[in-house]
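An overview of the molecular structure
Below are the chains, spelled out letter by letter.
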Amino acid sequence: MTTETRGQLNSVQLNVVTLVDMERAAETGSLDGALYMMDNSVGGIGQGTGHLETVCKQGQVINWIIRPVAMHKRPDGTWPPMPKINNLVFLDTERGDEEDVAERRIMTELKIYGMPDLMRSPYTSIYYYWAGAVLSTAPPGQYRYRFVLELEQDGTKEKLYLNTTEHASLRVLKV
């Protein structure tokens, strides 16, 4: 990272936006190939994929925003199903096992704060989000994570719960 771009890291918050292909996820029972992640970090890689690397700094707040690819009211008057982040789990990459939950905390979880409006409108974006603040004491490095998502399903009140298998990550830089 150049000294010119380091100044762009002064943003108080970062947004990580995840679009979910709800139809594909429901049909396959998997999130593989159904997630498209983007962020507003400087120098991150993997934009538009499920293995996004977001560059952030110690102490920074990160908002994970999630919404379905299809957001518009259907011709029959119904709205498409919504995704929700139930949990964000950091993985233990120090021991090489990326399925184990990390023992070291790197964030203060703000979890789900706020909530989407219950009244959908063509003029208002509706989405769920999860937030956390990177600890100011978090050692610089790369931290992989996975989502636990709750997906509404068409025609039923049952929810589908899926874990991501493609792991996104935070690359924490020293302040």
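This one's a predicted model, so the numbers in the text were calculated from it and none came from an experiment.

This next bit is on the packing of aromatic side chains. Here a ring pair, both rings aromatic, is described through the centre-centre distance and the interplanar angle of the planes. All told, the structure shown has four aromatic pairs when counted by the stated rule. Measuring from ring centre to ring centre gives 5.7 Å for Tyr145 and Phe147, while their planes differ by 70°; the resulting arrangement is edge-to-face. Judged by relative accessible area, Phe147 falls into the buried class, the value being 1%. Counting every residue linked through ring pairs, the aromatic cluster contains Trp64, Phe90, Tyr145 and Phe147.

Moving on, we get to the nonpolar core. Judged by nonpolar contacts, the single largest core of 32 residues is most densely connected at Ile62, Trp64, Tyr145, Leu149, Leu151 and Leu170. Looking at this core, the element that brings in the most residues is strand S8 (residues 141-151), giving five residues. Filtering out sequence-adjacent residues up to four positions away, Trp64 remains in contact with Val16, Ile85, Leu88, Met107, Tyr128, Tyr129, Trp130, Gly132, Tyr145, Phe147 and Leu170.

With that out of the way, let us pick up the pattern of salt bridges. The tally for this structure, following the rule as stated, stands at two salt bridges. For Glu53, the salt bridge is made with Arg171, and the minimal N-O distance between the two is 3.0 Å. Of this pair, Glu53 sits in strand S3 (residues 53-57) while Arg171 sits in strand S10 (residues 168-173), placing them 118 residues apart in sequence. Taking relative accessible area as the criterion, Glu53 reaches 10% and is therefore assigned buried. On the basis of relative accessibility, which here comes to 29%, the residue Arg171 falls in the partly exposed class. Put simply, Asp154 and Arg74 hold a salt bridge, and the shortest N to O gap is 2.9 Å. Note that Asp154 is positioned in the loop between S8 and strand S9 (160-163) and Arg74 in the loop between strand S4 (61-68) and strand S5 (83-90), a separation of 80 residues in sequence.

Take the environment of Tyr145 next. Within the fold, Tyr145 resides in strand S8. For Tyr145, a relative accessible area of 1% translates into the label buried. In sequence terms Tyr145 and Val89 are 56 residues apart; their C-alpha atoms lie 5.4 Å from each other. Not counting chain neighbours up to four residues away, the residues in contact with Tyr145 comprise Val16, Met37, Trp64, Leu88, Val89, Phe90, Leu91, His167, Ala168, Ser169 and Leu170. For Tyr145, the side chain forms a polar contact with the side chain of Trp64, separated by 3.0 Å.

Let's shift gears to a nonpolar patch on the surface. A cluster of nonpolar side chains, namely Tyr36, Met38 and Val69, defines an oily patch on the protein surface of about 230 Å² accessible area. Tracing the backbone shows Tyr36 in strand S2 (residues 35-39).

Counting buried positions along S10 gives five out of six residues, so the element sits mostly inside the fold. Of the pairings in the sheet, the one linking S3 to S10 comprises five bridges and is parallel in character. Paired with Cys56 across the strands is Val172, a residue of S10. In this sheet, S10 lies alongside S8 in antiparallel orientation, the contact comprising five bridges. In the strand pairing of S10, Tyr145 is matched with Ala168.

With that settled, consider the layout of surface pockets. The space that makes up the largest pocket amounts to roughly 260 Å³. What lines the largest pocket is a set of 15 residues, and nearest its centre among them are Met22, Glu23, Arg74, Pro81 and Asp154. Counting residues per element, the lining of the largest pocket draws most heavily on helix H2 (residues 22-28), at three residues. Considering only residue class, the lining of the largest pocket consists of eight nonpolar, two polar and five charged.

Basis of the calculations
- Position numbers for residues count from 1 along each chain, tracking the sequence in the order it is written.
- pLDDT decides what is reported in this predicted model: residues at 70 or higher carry local features, side-chain atom pairs at 80 or more are listed and counted, and totals for whole chains, interfaces and linings draw on all residues regardless.
- Excluding hydrogens and water, the side-chain figures rest on all heavy atoms present in the structure.
- For this analysis, a ring pair means two rings from Phe, Tyr or Trp (six-membered ring only for Trp) whose centres lie within 6.5 Å, classed as stacked if their planes differ by under 30 degrees, edge-to-face if by over 60, and tilted for the remaining angles.
- Between buried and exposed lies partly exposed: a residue is buried under 20% and exposed over 50% of the maximum accessible area for its type, with that area taken using a 1.4 Å probe on protein chains only.
- Joining through side-chain atoms within 4.5 Å is the link that ties buried Ala, Val, Leu, Ile, Met, Phe, Trp, Tyr and Cys residues into a set, and such a set is a nonpolar core.
- Labels follow the DSSP assignment, with helices taken as runs of H or I lasting at least four residues and strands as runs of E lasting at least two, numbered in each case from the N terminus.
- Only heavy atoms enter the contact rule, under which two residues are in contact if any of them lie within 4.5 Å.
- A pairing counts as a salt bridge when a side-chain nitrogen of Lys or Arg comes within 4 Å of a carboxyl oxygen of Asp or Glu.
- Polar contact is the term for a pair of N or O atoms within 3.5 Å; when the atoms are in protein, one must be able to donate a hydrogen and the other to accept it, and sequence-neighboring residues count only if both atoms are side-chain atoms.
- Within this analysis, patches are made of residues with over 30% relative accessible area and no salt bridge. Like charges are joined at 9 Å or less; nonpolar side chains (Val, Leu, Ile, Met, Phe, Trp, Tyr) at 5 Å or less.
- Only the protein chains shown count as covering a residue, and every accessible area follows the Shrake-Rupley method with a 1.4 Å probe.
- DSSP calls a pair of strands paired once it identifies at least 2 bridges connecting them.
- Site definitions follow a grid-based scheme: protein atoms alone, a 1 Å grid, a 1.4 Å probe that fits but cannot get out for cavities, and for pockets an open set with protein on both sides within 12 Å along at least five of seven lines, plus lining residues having an atom within 4 Å of a point.
- Grid points are joined across faces, edges and corners, and a volume is the space filled by probe spheres set on the points.
- Residue type decides the class: Asp, Glu, Lys and Arg count as charged, Ala, Val, Leu, Ile, Met, Phe, Trp, Tyr, Cys and Pro as nonpolar, and the leftover types, Gly among them, as polar.

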